There are 2 protein chains.
Amino acid sequence: MAEGSGLERPGLDGAAGEEFLGQALRLLLDEAVRNGTDRARKVCEWREPRELRALLDLELRPHGEPPQRLLQRCRDVARYSVKTGHPRFFNQLFSGLDHHALAGRLLTEALNTSQYTYEIAPVFVLMEEVVLAKLRELVGWGSGDGIFCPGGSLSNMYAMNVARFQRFPEGRQRGSRALPRLALFASQESHYSIEKGAAFLGIGTDNVFFVRADERGKMIPEELEKEIERAKSEGAVPFFVSATCGTTVLGAFDPLQSVADVCQRHGLWLHVDAAWGGSALLSRTHRHLLAGIERADSVAWNPHKMLAVGLQCSALLLRDTSGLLQRCHGAGASYLFQRDKFYDVAYDTGDKTLQCGRRVDCLKLWLLWKAVGTEGLERRVDRAFACTRYLVEEVKRRDGFQLVLEPEFINLCFWFVPPSLRGREGCDDFWERLGKVAPAIKERMMREGSMMVSYQPHGARVNFFRQIATSPAVTRADLDFFLDEIERLGHDL
Amino acid sequence: MAEGSGLERPGLDGAAGEEFLGQALRLLLDEAVRNGTDRARKVCEWREPRELRALLDLELRPHGEPPQRLLQRCRDVARYSVKTGHPRFFNQLFSGLDHHALAGRLLTEALNTSQYTYEIAPVFVLMEEVVLAKLRELVGWGSGDGIFCPGGSLSNMYAMNVARFQRFPEGRQRGSRALPRLALFASQESHYSIEKGAAFLGIGTDNVFFVRADERGKMIPEELEKEIERAKSEGAVPFFVSATCGTTVLGAFDPLQSVADVCQRHGLWLHVDAAWGGSALLSRTHRHLLAGIERADSVAWNPHKMLAVGLQCSALLLRDTSGLLQRCHGAGASYLFQRDKFYDVAYDTGDKTLQCGRRVDCLKLWLLWKAVGTEGLERRVDRAFACTRYLVEEVKRRDGFQLVLEPEFINLCFWFVPPSLRGREGCDDFWERLGKVAPAIKERMMREGSMMVSYQPHGARVNFFRQIATSPAVTRADLDFFLDEIERLGHDL
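About the criteria used
- Residues numbered from 1 in each chain as written.
- Chains lettered and ligands numbered in written order.
- Predicted model: local features only at pLDDT ≥ 70, side-chain atom pairs only at ≥ 80, totals over all residues.
- Heavy atoms only, no water.
- Helix = DSSP H or I, 4+ residues; strand = E, 2+ residues; numbered from the N terminus.
- Buried < 20%, exposed > 50% of the residue type's maximum accessible area, 1.4 Å probe, protein only.
- Contact = heavy atoms within 4.5 Å.
- Lys, Arg positive; Asp, Glu negative; His and termini not counted.
- Charge placed at Lys NZ, Arg CZ, Asp CG, Glu CD.
- Phe/Tyr/Trp six-rings, centres within 6.5 Å; stacked < 30°, edge-to-face > 60°.
- Lys NZ or Arg CZ within 6 Å of the ring centre and 35° of its normal.
- Expected span 1.5 Å × (residues − 1).
- Core = buried A, V, L, I, M, F, W, Y, C linked by side-chain atoms within 4.5 Å.
- Buried area = accessible area lost by both parts, 1.4 Å probe.
- Salt bridge = Lys/Arg side-chain N within 4 Å of Asp/Glu carboxyl O.
- Least-squares fit on C-alpha atoms with pLDDT ≥ 70 in both.
- Axes fitted to C-alpha atoms, helices over the stretch in contact; angles between N-to-C directions.
- Parallel < 35°, antiparallel > 145°, perpendicular 65-115°, else oblique.
- Left-handed = near helix turned anticlockwise from the far one by under 90°.
- Pairing = 2+ DSSP bridges.

Chemist: What is the right way to look at the overall build of chain A in this model?
Modeler: Helix and strand counts for chain A come out as 16 helices and twelve strands. The principal-axis extents of the C-alpha atoms in chain A amount to approximately 85 × 65 × 45 Å. Buried residues in chain A amount to 69% of all 493 residues. Sequence separation of at least 24 residues holds for 71% of the intrachain contacts in chain A that already meet a minimum separation of 6. The distance from the centre of the 64 positive side-chain charges to the centre of the 65 negative ones in chain A is 1 Å.

Chemist: What is the right way to read unusual backbone geometry from this model?
Modeler: Leaving glycine out, the prevailing phi sign among residues is negative, and the prevailing peptide bond configuration is trans. Residue and element names in this part refer to chain A. The omega torsion across Leu311 and Gln312 is -10°, close enough to zero to call that bond cis. Along the chain, Gln312 falls in the loop between α11 (303-306) and β8 (314-318). One non-glycine residue, Asn112, lies in the positive phi region at around 35°. On the secondary structure map, Asn112 appears in the loop between α4 (99-111) and α5 (122-139). Residue Asn112 is classed as buried on the basis of its relative accessible area, which comes to 8%.

Chemist: Help me out: how do you make sense of the packing of aromatic side chains in this one?
Modeler: The geometry of two aromatic rings is summed up by the distance between their centres and the angle between their planes. All names here are of chain A. Applying the stated criterion to the full structure yields 43 aromatic pairs over all chains. Taking the centre distance of 5.5 Å and the plane angle of 65° together, the rings of Phe385 and Phe409 count as edge-to-face. Note that Phe385 is positioned in helix α13 (residues 363-397) and Phe409 in the loop between β9 (401-403) and β10 (412-416), a separation of 24 residues in sequence. Take Phe385 and Phe409: they sit in the same class, and that class is buried. The lysine or arginine in question, Arg88, covers the ring of Phe481, its NZ or CZ lying 3.9 Å from the ring centre.

Chemist: Please explain α5(A) as it appears in this structure.
Modeler: Structural remark: α-helix, 3.6 residues per turn; residues separated by three or four positions point the same way. Residues and elements named next belong to chain A. Taking 1.5 Å of rise per residue, the 18 residues of α5 would be expected to cover 26 Å, and the 26 Å separating its terminal C-alpha atoms lies within 8% of that figure. Most of α5 sits out of view: 14 of its 18 residues are buried. Where α5 terminates, the next one or two residues include Gly140, which has phi positive at roughly 115°.

Chemist: Would you mind showing me how to read the nonpolar core here?
Modeler: Among soluble globular proteins, nonpolar side chains are generally buried collectively. Counting 310 residues, the largest nonpolar core has Ile486(A) and Ile486(B) as the members making the most contacts within it. If we skip the residues at most four places from it in the chain, Ile486(A) touches Phe401(A), Phe414(A), Phe416(A), Ile441(A), Met445(A), Met451(A), Val453(A) and Phe465(A). Counting residues in hydrophobic clusters, the runner-up holds 60 residues, among them Leu154(A), Ile203(B), Leu324(B) and Cys328(B).

Chemist: In this structure, what is going on with the interface of chain A and chain B? I would like to understand it.
Modeler: Interfaces are often sized by the accessible area lost when the parts come together. With 171 residues of chain A at the interface, the matching set in chain B holds 171 residues. For the pair chain A and chain B, the summed buried area comes to about 15,200 Å², and 64% of that belongs to carbon and sulfur atoms. Where chain A touches chain B, the interface holds 16 salt bridges. Taking the shortest distance from any N to any O, the salt bridge between Glu65(B) and Lys370(A) comes out at 3.9 Å.

Chemist: Sorry, what's going on with the relation of the copies chain A and chain B here?
Modeler: The two chain copies are related to each other by a rotation about an axis together with a translation along it. Superposing chain A onto chain B takes a rotation of 180° plus a shift of 0.0 Å along the axis, which leaves an RMSD of 0.0 Å. The symmetry that links the two subunits is that of a two-fold axis. Of the interface residues in chain A, 100% have counterparts in chain B that sit at the interface too, so the contact is made through matching surfaces.

Chemist: What exactly am I supposed to notice about the environment of Val139(A) here?
Modeler: Residues and elements named next belong to chain A. Structurally, Val139 is set in helix α5. Relative accessible area serves as the criterion here: at 0%, Val139 is assigned to the buried category. For the pair Val139 and Val211, spaced 72 residues apart in sequence, the C-alpha to C-alpha distance is 25 Å. Contacts of Val139, omitting those with residues within four sequence positions, involve Leu281, Arg287, Ile293, Glu294, Val299 and Leu317.

Chemist: I'm lost on the packing of helix α5 (residues 122-139) of chain B against helix α13 (residues 363-397) of chain B in this one. Help?
Modeler: Geometrically, a packed helix pair is captured by the angle between its two axes and the distance between the axes. Residues and elements named next belong to chain B. Relative orientation of the contacting elements α5 and α13 amounts to 55°, with a least axis distance of 10 Å. Classed by the angle they form, the pair α5 and α13 counts as oblique. Read as a crossing pair, α5 and α13 show a hand that is left-handed. Every residue of α13 that contacts α5 at Phe124, Met127, Val131, Lys134, Leu135 and Leu138 is listed here: Leu363, Leu365, Trp366, Trp369 and Thr374.

Chemist: So what exactly am I meant to see when it comes to the sheet that holds strand β11 (residues 452-458) of chain B here?
Modeler: In a beta sheet, neighbouring strands are held together by backbone hydrogen bonds and run either parallel or antiparallel to one another. Residues and elements named next belong to chain B. Reading across the sheet, the five strands line up as β1-β11-β12-β10-β9 and stay open at both edges, with mixed pairing between neighbours. On the outer flanks of this sheet lie β1 (89-90) and β9 (401-403), each paired with one strand and no other. Where β9 and strand β10 (residues 412-416) come together, three bridges link them in antiparallel fashion. Bridge pairing in β10 places Phe401 opposite Phe416. Here α13 sits on the sheet in contact with β9, β10 and β12 (461-467), set at roughly 125° to β9. Strands in contact with helix α16 (residues 476-490) are β1, β9, β10, β11 and β12; relative to β10, the strand with the most contacts, it is inclined by about 30°.

Chemist: What is the right way to read the pairing of strand β8 (residues 314-318) of chain B from this model?
Modeler: Residues and elements named next belong to chain B. With five of five residues buried, β8 is to be regarded as a mostly interior element. Of the two faces of β8, the one carrying Ser314, Leu316 and Leu318 and the one carrying Ala315 and Leu317 are both buried. The pairing of strand β2 (residues 145-149) with β8 spans five bridges and is antiparallel. Counted as the bridge partner of Gly146 is Leu317 from β8. The pairing of strand β7 (residues 298-301) with β8 spans four bridges and is antiparallel. Of the residues in β8, the one forming a bridge with Ala300 is Leu316.

What follows is the structure in structure tokens.
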């Protein structure tokens, strides 16, 4: 064909596209937002994989489909997806649906840009800096650096890499082989991304020294000291300690002041993995849990968890003001970070990241913050604590519920002992039988779709439930329902 | 306060939230979708950082703001953001707005789940597998493995890590120090993520052997052979070759068959970074550019670029069927990947990733594919090639335009020589002066907001424009406008 023939008209029908999009948005509002948060409806509509595959007709074919069929597909996608915004979804560290944050997320998608340069993301370059500065202020830093990362795992790994670079800048060029054997430290309750990171960064999982935690899940500073000595005696060079604020299962906070003392004594980089617990900094009542966090060198904090901002929103914050992050990760690609631009290229912040294209993760948090203010966020954090306190009292009051431990945060960990096992606590098979209760209740729960809550074994402890209520939509009635439903589903086990 | 007081009522006003969201969605449709793609409107409304900061009032305060003010803020965010969906946005490897893909992205946000287990993402676990299988089929593999990653850089790094693990599984535990000095290879035109990855993974940038490319930007296989020998002679162990399909600036494709021959001869992992060029596999006319890709061990492919799916959608595909990805990255966290679940836990695929929480990136591509079919996607790819061919002919026809090279892909690289410099090609200062033309035109373009196109220097070549048209909305008139506008903006330079 002649060059340009076929290009007279657009390759897509914009008017039809807008019509479809408008209908899809109405469906989104009806199904995902309204019905998805409606207590009269299910949290999930369970189907076995084989059955669901058949229902969805996922196959991709040569020809396209008409709009009404596509809309039906969208409806099915929504129908069979788990309603994480439902007030009875207690399964994950993220939950709830905030309309302002969601508006920010939808607008982010529609604007579809990448957070690398001021040229391509002027609003978001400035906005990210303001949001990061605000988070740093809550940590207790008047200055510093930071970046949003695709999730807390990567935030932790960035911290690990920056710490390595700060200590051994030559490693960037020469690799880990040119460095001494490095050792890093985290409690045995730390998130698995520390181990994944050690593997990925070429440090090796053997060089993660897991520090013993007490029975509440908190790192024991004396044990940290011992592990550091042990690493040194093995000829390794300690360089990085990751303290956890809000462990995944128990919700434990490591004692930051004591850990910071140890780090200071040994000249180690202190990273705080506050992916989960960081949002407690917003509460004047509860921020004491993180006392000492201002002594950290880096902090990972995921507002997408407790603040219901939506996946993903994970900040890596640094105390450094020397441009370490840029020097550690920067590559200065000439096709993005031209030095002869007509504006101040200090605003082209995207080279601080390991990524090239990077999603905009600041708008959703910024818009929520503008909507409710710092005090509104504080109320939500306090409310989540109040939900947990209420449940703790109820669990103590009700027969058959047994706390795994008194929560210091908002992870409610408990066993449900069904009537058939009550009074048999001394029997040989008690724990073995109890360990089968949570999975059995969970199966019934999923099949009914009435609510969702997670369970897991933990160390020597057999399967127990871990309940989390971060959604501001949760009321006392939902919490009562939660306990009633556990009783109902488990009464005959 | 008594436990539970204050929990009688929800902590957010759902009805007001829905009302706000509905208004925000209308604004999104008007501003970001309709106006954002309207040729009568600007691609960007340039403001200096200082001025924009004042206009946006970004500061976060103790108190929240009323809905109308928030909506005005959303309007401002849209107004001052770059319209990447505009048919005259030619600046990035991603552009354009597809209404179906956008519907998929918005629904993804509203459903807000994480792609780790079947329990929490039943629809998306199945959907991701179908989409990845389809992409693998286009690569030429009837089986294999894969995962969506947060961007092509990380996809490349995953490949590097999996290759290292396959060759030296002990490195995961023992770290790079326990391994020989590793060497990896990529052309000097390869994406900077290869170097960033070598640094991050502890391999070291010194151990990236950059292979010479020919004048069109294609790796020279004989040079690869030489670099491998050089690495060996230095005592390093070659393990990984990254061939590029679609380099960032020139759009070059490495000769995969010859590169694969070299890899086969030396027993090296062949990774193909087809982040940019992979979508050409959809075109029966143009897929020959990637001939031999089926011989790769891994492929990175970003449908968010050429297919206008929206940031981010980056697939890492593997030929491996032995579960290498899971063994390499898996940590088996007991609180997510319980083995005693009531369904087949083979569907809990999230442990293959380095991340913990992982966004759903499959729905947008799946919905677009369902809407237009494989043939519709093929037409879009062919159309992008046709746009470039049309421009090539026009550039050759018009005075003052000079191709940097005849494109094999859809990167149109050219200089604009303003009238004042024409006929002065032999003068000493010609290239120096020409190098200042593109930045000057770009500044005027941005200040007027009429369109956007990228420029960069490249090796010994002074600044030239790199134009990309992937949006199916682009017509011949837009392409004519593009060239006319360059002439208009640069005529007096």
